[in-house]
Structure formats: C-alpha cells, structure tokens
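Examination of the molecular architecture
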2 protein chains.
Amino acid sequence: MIDDIDLEILNIIQNNGKIANAELARRLGMAPSGVLERVKKLEKDGVIVGYEVRLDPKAVGLALTIFMHLKTADAVGCTAIGREVAKIDGIQEVHWIAGEYNYLIKARVNSTDGLTALMKSIGAIPGVQDSRTTLVLGTLKEEQRLDTAFAETKQNQKKLKKDT
Amino acid sequence: MIDDIDLEILNIIQNNGKIANAELARRLGMAPSGVLERVKKLEKDGVIVGYEVRLDPKAVGLALTIFMHLKTADAVGCTAIGREVAKIDGIQEVHWIAGEYNYLIKARVNSTDGLTALMKSIGAIPGVQDSRTTLVLGTLKEEQRLDTAFAETKQNQKKLKKDT
DNA sequence: ACTGAAAGAAGCGTTGC
DNA sequence: GCAACGCTTCTTTCAGT
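Criteria and thresholds
Residues numbered from 1 in each chain as written. Chains lettered and ligands numbered in written order. Predicted model: local features only at pLDDT ≥ 70, side-chain atom pairs only at ≥ 80, totals over all residues. Heavy atoms only, no water. Helix = DSSP H or I, 4+ residues; strand = E, 2+ residues; numbered from the N terminus. Rg over C-alpha atoms; globule rule 2.2 N^0.38 Å. Buried < 20%, exposed > 50% of the residue type's maximum accessible area, 1.4 Å probe, protein only. Contact = heavy atoms within 4.5 Å. Areas by Shrake-Rupley, 256 points an atom, 1.4 Å probe, with all protein chains shown as cover. Lys, Arg positive; Asp, Glu negative; His and termini not counted. Charge placed at Lys NZ, Arg CZ, Asp CG, Glu CD. Near = heavy atom within 4 Å. Polar contact = N/O pair within 3.5 Å; in protein donor to acceptor, adjacent residues only side chain to side chain. Pairing = 2+ DSSP bridges. Buried area = accessible area lost by both parts, 1.4 Å probe. Salt bridge = Lys/Arg side-chain N within 4 Å of Asp/Glu carboxyl O. Least-squares fit on C-alpha atoms with pLDDT ≥ 70 in both. Axes fitted to C-alpha atoms, helices over the stretch in contact; angles between N-to-C directions. Nonpolar A, V, L, I, M, F, W, Y, C, P; charged D, E, K, R; others polar. Expected span 1.5 Å × (residues − 1). UniProt positions renumbered as here; feature names shortened; annotations may be inferred.

Per an unreviewed UniProt entry, chain A carries the name Lrp/AsnC family leucine-responsive transcriptional regulator and comes from Desulfoprunum benzoelyticum.

This is the structure:
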C-alpha cells in the first residue's frame, strides 16, 4: 500500500522525471538509499510505469493532432479489432469507450497527407465500419501528471471517511 | 535543424527517459560530451519539452478515464473559456477542436463521484453551454512516443522528395 | 524500513583540435 | 562541432540498527 512518503515521492518525480535520487532524498530529508528502495518498490509494483520524454510534436514535423471515433464489428465486450488498430504507427492512444462508437483514438500526423495515410491504414483493418475524425486546432493543456489527491493511502482513506 | 543523429537520440530517449548520458553516448558511438551538447540544444530549442514519469492511474486511485466534449460561448477563434477549463485539477488535456463542440478534454477521476465533482467545476465556468461525456471502458494503448519518421531533417526532406 | 559509509560510475566544465 | 581529461556529484550496495 502507498503511504504518504510514497505520495510525496510521486508528486516530486511527476514534476521532474529526471531528478537525481540524491536530490529527491534531500527534499524528503531522508538518506538516498532509503529513497531509492522506495522508488524501486514503486517501479516493481507497477505504480511507476515508466520514464518518458515529452517532445514538441511540431519540432519533429507532426503538426497535426487528431482524434478519431471508430465503429467496429467487435462483439459486445470484445476489443480484438481495437488491438489491431493500436498497432498502427502514429496512433498514440486507443480507448475502448461506451457509446455509439466503440473506440476513441488519438494520433499525430504531419499534415493532411499523414491523415490520409492513417485513414487508409485504419480502413484496411477488417471490421472497421465507420469513423468520425476530429481535427485539433490547438492544444491548451497536455500533461501526464496525475492528481494524487485521491491516492489510496491509509491517511487519505481516513480523511475521505471523515469528509462523508 | 534536426539531423539524423538528433533523431536517433530522440528515438532512444523516447524509449527510456532516464537513460544515462554516458550510456546514450555508447549506443551512438560518440563521446558523452558531444551527446550532452546535442541534448542540451534539443532542450533549449524546445524539441525536448520535459521529462515525465508515467504512473498507473489505478494505483493512485484514479480508475476512471473520461473524455468530454464541450460547447462554449467563446467567439470564433477565441479560446478564453478553454483556458479557464484547463486550470481545473484532474483535467490532463484540453484541445481546441473543429466541429460542433469547441473543446475536447481528457480527465482522470477516481469514480463517478470524481466525475460529478469535475462536471460541477466545469459547469461553474461562465460560458460553458453544453457537454457530452465519454466513459473509457478500457485503454488498449496509451503512449507519449512520437513517430519521428516525418521529422524535418535534411535527409528526410531528400527522401520525401524522392518518394514523390 | 531507514541510516551511513564507501566504491564505482556518471555528470559536467575546461581544454584542445 | 567533437574528443579527452579531471574534479565534483550521484548511484547503489551492504552492514548495522
């Protein structure tokens, strides 16, 4: 179970994924070895999934962000076609969703040419029946950071109980 | 301008944001100082926006991912209300989009309780007129990684010209 | 679970090409 | 713009509590 020290670690590293363990320890007022132990545990337990770099999409020629709703022939509760779609390059996210369409995908392309290519790739997958593309005109916020206010620590559980 | 060595650096660090500069240099067959210089330049030029940690949302009690389309009173070409929405905790992305709705947002909440709170926060912003919420049942793919195949290097420009 | 020490590795500035 | 050197700092292990 995650405790408040873990939570503080997660909050700090979410702001700076490249912070040195020694610096992290300094901020927590702990020995580096103890902090390292906790971080390793968070990695092992799958709380920390990975360390990533955010690039400016425009700087690498991917100026267009698009969302696409897909309707597929997947049986109720089945995501086989979605997993095929997920294999396509340029697609960053594939979410299985509730509603008229079964998938919502996010992709980055260079321009309308890339979008055309993407649509051809998706259309080539058997069982894809319909799509609705949404063009992103501008992105006002885009972050990975999770608000850990609701993390399941013993302390938070108590707090939440108190509030109700 | 980004060259092919830069591109290789970006590809490697996208797979491992925490790789040591020395290890990166080893893979490229270069001296660490030269590689560091390039990485610093990529950071300074804004190609590398930041280093992030990906957490498992469920592990910190944010089991629900939702997308929400918003219709606002923003004038054509204006995003003032969207920027207000972006300030709300729990909202990870706010995209200004083309179409019937003007914004698409992505958020993480703990459960329907969190969703209720989120909707109240959004509804409290003046000018928000309509919303359509999409519940994510499952996420098949979710990555930050950009496919740099279309990066604007001189070499790629040549290649692209050749292809047409 | 955390501390503290210690060896090895990496970061990062300087120098020279 | 890249390589080599060297001092500083960080990482990581291990014994101890």
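Overview of the overall build of chain A
Counting its regular elements, chain A contains 6 helices and 5 strands. Listing the helices and strands of chain A from first to last along the sequence gives α-α-α-β-β-α-β-β-α-β-α. For chain A, the C-alpha radius of gyration of 21 Å lies well beyond 15 Å, the compact-globule estimate for 164 residues. Reported as C-alpha extents along the three principal axes, the dimensions of chain A are approximately 55 × 40 × 30 Å. Within chain A, the fraction of its 164 residues that count as buried is 46%. Taking the intrachain contacts of chain A between residues at least 6 apart in sequence as the baseline, contacts between residues at least 24 apart amount to 64%. Surface summary for chain A: the accessible area is close to 8,300 Å², and the carbon and sulfur share equals 53%. Treating the 23 positive side-chain charges of chain A as one cloud and the 22 negative ones as another, the clouds have centres 3 Å apart.

Focus: the protein's contact with DNA strand C
Inspection of the region around DNA strand C gives A:Met30, A:Ala31, A:Ser33, A:Gly34, A:Glu37, A:Arg38, B:Ala20, B:Asn21, B:Ala22 and B:Arg26 as its neighbouring residues. A breakdown of the atoms of DNA strand C within 4 Å of the protein gives sugar and phosphate a share of 61%. Contacts to DNA strand C include A:Ala31, whose backbone N or O atom sits 2.8 Å from a phosphate oxygen. B:Ala22 is positioned with one of its backbone polar atoms (N or O) 3.0 Å from a phosphate oxygen of DNA strand C. For the surface near DNA strand C, the secondary structure elements donating two or more residues are α3 (32–44) of chain A together with α2 (21–28) of chain B.

Observations regarding the pairing of strand β4 (residues 103–109) of chain B
Residues and elements named next belong to chain B. Counting buried positions along β4 gives 7 out of 7 residues, so the element sits mostly inside the fold. Where burial is concerned, the two faces of β4 agree: the one with Tyr103, Ile105, Ala107 and Val109 and the one with Leu104, Lys106 and Arg108 are both buried. Bridging between strand β2 (residues 64–72) and β4 involves 7 bridges; their strand directions are antiparallel. In the sheet register, Met68 faces β4, and the bridge partner there is Ile105. Across 5 bridges, the pairing between strand β3 (residues 91–97) and β4 is antiparallel.

Thoughts on the interface of chain A and chain B
Taken together, the contact pairs 65 residues of chain A with 65 residues of chain B. In total, about 6,200 Å² of surface goes out of reach between chain A and chain B, with carbon and sulfur atoms giving 61% of it. A salt bridge links B:Arg54 to A:Glu52; the nearest nitrogen and oxygen atoms lie 2.9 Å apart. Joining chain A to chain B, the criterion identifies 41 residue pairs in polar contact (both at pLDDT 80 or more). Residue assignment for the side of chain A that touches chain B shows that the elements contributing at least two residues are α1 (4–15), β1 (48–55), β2 (64–72), α4 (80–85), β3 (91–97), β4 (103–109) and β5 (128–142) of chain A. Considering every element that reaches the side of chain A that touches chain B, the biggest residue donor is β5(A), with 10 residues.

Description of the environment of B:Val109
In this fold, B:Val109 is placed in strand β4. Those residues in contact with B:Val109 that sit more than four places away from it in its chain are B:Gly61, B:Leu62, B:Ala63, B:Leu64, B:Gly114, B:Leu115 and B:Leu118.

Concerning the relation of the copies chain A and chain B
In summary, the two copies of the chain are related to each other by a rotation about an axis coupled with a shift along it. Mapping chain A onto chain B calls for a screw motion: a turn of 180 degrees about the axis and a shift of 0.0 Å along it, with 0.1 Å RMSD after fitting. Given the turn and translation reported, the copies of this chain are related as if by a two-fold rotation axis. It is A:Glu52 whose C-alpha, among those of chain A, lies nearest the rotation axis, at 2.5 Å. Mapped onto chain B, 100% of the interface residues of chain A are again interface residues, and the two copies thus contact each other with one and the same surface.

Notes on the sheet that holds β4(A)
Here 8 strands make up a closed barrel; going around it, the order is β2(A)-β4(A)-β3(A)-β5(B)-β2(B)-β4(B)-β3(B)-β5(A) and the pairing antiparallel. With direction set aside, neighbouring strand axes in the sheet form an average angle of 35 degrees. Note that β3(A) and strand β5 (residues 128–142) of chain B share 5 bridges and pair antiparallel. When the sheet's bridge partners are listed, A:Val94 is paired in β5(B) with B:Lys141. Strands in contact with helix α5 (residues 112–123) of chain A are β2, β3, β4 and β5 of chain A; relative to β2(A), the strand with the most contacts, it is inclined by about 20 degrees.

Quick notes on the protein's contact with DNA strand D
Near DNA strand D, the surroundings consist of A:Ala20, A:Asn21, A:Ala22, A:Arg26, A:Pro32, A:Ser33, A:Leu36, B:Met30, B:Ala31, B:Ser33, B:Glu37 and B:Arg38. Per the 4 Å cut-off to the protein, sugar and phosphate atoms form 69% of the nearby atoms of DNA strand D. Side-chain polar atom of B:Ser33 to a base nitrogen of DNA strand D: 3.2 Å apart, as the coordinates give it. When residues of the surface near DNA strand D are traced back to their parent elements, those giving at least two are α2 (21–28) and α3 of chain A together with α3 (32–44) of chain B. Among the residues forming the surface near DNA strand D, the class breakdown is 6 nonpolar, 3 polar and 3 charged.

With respect to α1(A)
With 12 residues, α1(A) ought to run about 16 Å at 1.5 Å a step, and its terminal C-alpha atoms sit 17 Å apart, in line with that. Sitting at the head of α1(A), A:Asp3 places a side-chain oxygen 3.1 Å from the backbone nitrogen of A:Ile5.

Comments concerning the side chain of A:Gln144
Summarising the element assignment, A:Gln144 is placed in the loop between β5 and α6 (154–163). Classification of A:Gln144 as buried rests on a relative accessible area of 11%. Once residues within four sequence positions are removed from consideration, A:Gln144 is found in contact with A:Gln14, A:Arg54, B:Glu52, B:Val53, B:Arg54, B:Gln92 and B:Gln144.

A few points about the UniProt feature "domain: HTH asnC-type" (unreviewed entry) in chain A
Per the UniProt entry, the sites bearing "domain: HTH asnC-type" (unreviewed entry) are residues 2–63 of chain A in this numbering. The distance separating the terminal C-alpha atoms of residues 2–63 of chain A is 39 Å; by composition the span is 53% helix and 13% strand.

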